[in-house]
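Tertiary structure, described
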Amino acid sequence: MTTKRRVDQLRNYSVKLPLDILWLPIAAMRPVGPESLHSECVLVVGVSRPKLAALFLTVMLISLFLTFHVLYDSAVYSIQAASTASENRISILTSRLSNSGLLHHPIVFPNRVHFPKTSRRLPQTLIIGIRKCGTRALLEMLYLHPRIQKAAGEIHFFDRDENYNRGLEWYRKKMPHSFRGQITIEKSPSYFVMPETPERVRAMNATIKLLLIVREPVTRAISDYTQLRSHAATAALPQPSVVSKSFEELAVLPNGTVNHLYRPLAISMYHLHLHRWLEVFPREQIMIVNGDQLIDDPLSQLKRIETFLGIEHRIGSHNFYFNETKGFYCLRNDTVDKCLRETKGRKHPRVDPLVISKLRKFFAEHNQKFYELIGEDLGWPEE
């Protein structure tokens, strides 16, 4: 194609655009450097219609803006999708770790703590008592299981009006964070003996599972006396009558009869209190834990509890070691060994064997009624 024909053709195109586009021969221009051009013509663009040119440029800029906007949105979507996929993988990983027993607590990442799928839940299991039968030891032993989360301390929600009147939301906020599928457990030993507690617990959860740990009644009463005397001796306002009187003086009246109104003895009449719970809850929702066996052979009781709670058997002999100094089993997990604090396992005072025999004969009838309620003979001595 000749230069003249190219120029004529471009002039025809320029009619349709607000620009004048011309091809000029190289010969028409003064060279300013070495001849390095390989084309015979040079493109020259000029503006012939300023308003149309402005409109044309505006359309071009808008088109470019929309193009970049689409690209930007696409990039942001890709980043968000990648982030979501990453968080999903983390959630799946933590779920697997929780089920495998390797995860007890939140995952800690650099500069942040991530709680995947955790929330505070009302307890699905309560240790309702009994005082001085090993409720704390039982709770700590159960906490060895990866499916168990425990409330810190005794909340006393159902047995104290000032706490119960604060409502379930207050109670829920006292619970630990837990994963879906984990069981939250709270324990307050005085729940067992307070008359209003069973109905209040049922109002929260009619299908809740209840753990009741018991010991031989006379041994429990002596342990209760030992703790009460220790607390009275260290209280801001000491109670000389409690500190000075022996267990024998408090448990047996001067006429030789058993003082069944003495609180440590009254609590040991288990059947009187269990009746109230069985009026509200079916027997299959209450498990009786043998506190004496929990001391001597914790695994036998814990396996029963795992079955009762519907969780896999994960607590084993590797989780315990016998402390010769304390005289009972201590706990062990993957990272630490733990014994209950010094106030647990106090040494009992010596009690007159005749008084112990009198009390065991007194409790024989009460124990038999308790056995009938639970459908099991615990074999406690009767003299």
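Residues numbered from 1 in each chain as written. Predicted model: local features only at pLDDT ≥ 70, side-chain atom pairs only at ≥ 80, totals over all residues. Heavy atoms only, no water.

**Concerning the pattern of salt bridges**
Counted under the stated rule, the structure contains 15 salt bridges. A salt bridge links glutamate 154 to lysine 187; the nearest nitrogen and oxygen atoms lie 2.6 Å apart. A residue pair is termed long-range when its members are at least 10 positions apart, and glutamate 154 in the loop between strand E7 (148-150) and helix H4 (161-164) and lysine 187 in strand E9 (residues 183-187) qualify at 33 residues. On the accessibility criterion, glutamate 154 (35% relative accessible area) is partly exposed. In this structure lysine 187 comes out as buried when scored by relative accessible area, which is 2%. Three or more residues are tied together by salt bridges with common partners; here these are Arg136, Glu140, Lys150 and Lys338. (Salt bridge = Lys/Arg side-chain N within 4 Å of Asp/Glu carboxyl O. Helix = DSSP H or I, 4+ residues; strand = E, 2+ residues; numbered from the N terminus. Buried < 20%, exposed > 50% of the residue type's maximum accessible area, 1.4 Å probe, protein only.)

**What about the sheet that holds E9?**
With parallel pairing, the five strands of this open sheet are ordered in space as E7-E9-E6-E10-E11. With one partner strand each, in any of the chains shown, E7 and strand E11 (286-290) form the two edges of the open sheet. Strand-to-strand twist in this sheet, taken as the mean axis angle between neighbours without regard to direction, amounts to 25°. As paired strands, strand E10 (residues 209-214) and E11 are joined by five bridges and run parallel to one another. The residue of E11 that forms the bridge with leucine 211 is methionine 287. Sheet strands in contact with helix H3 (residues 135-142) are strand E6 (125-129), E7, E9, E10 and E11, and its direction is about 165° off that of E9. (Pairing = 2+ DSSP bridges. Axes fitted to C-alpha atoms, helices over the stretch in contact; angles between N-to-C directions. Contact = heavy atoms within 4.5 Å.)

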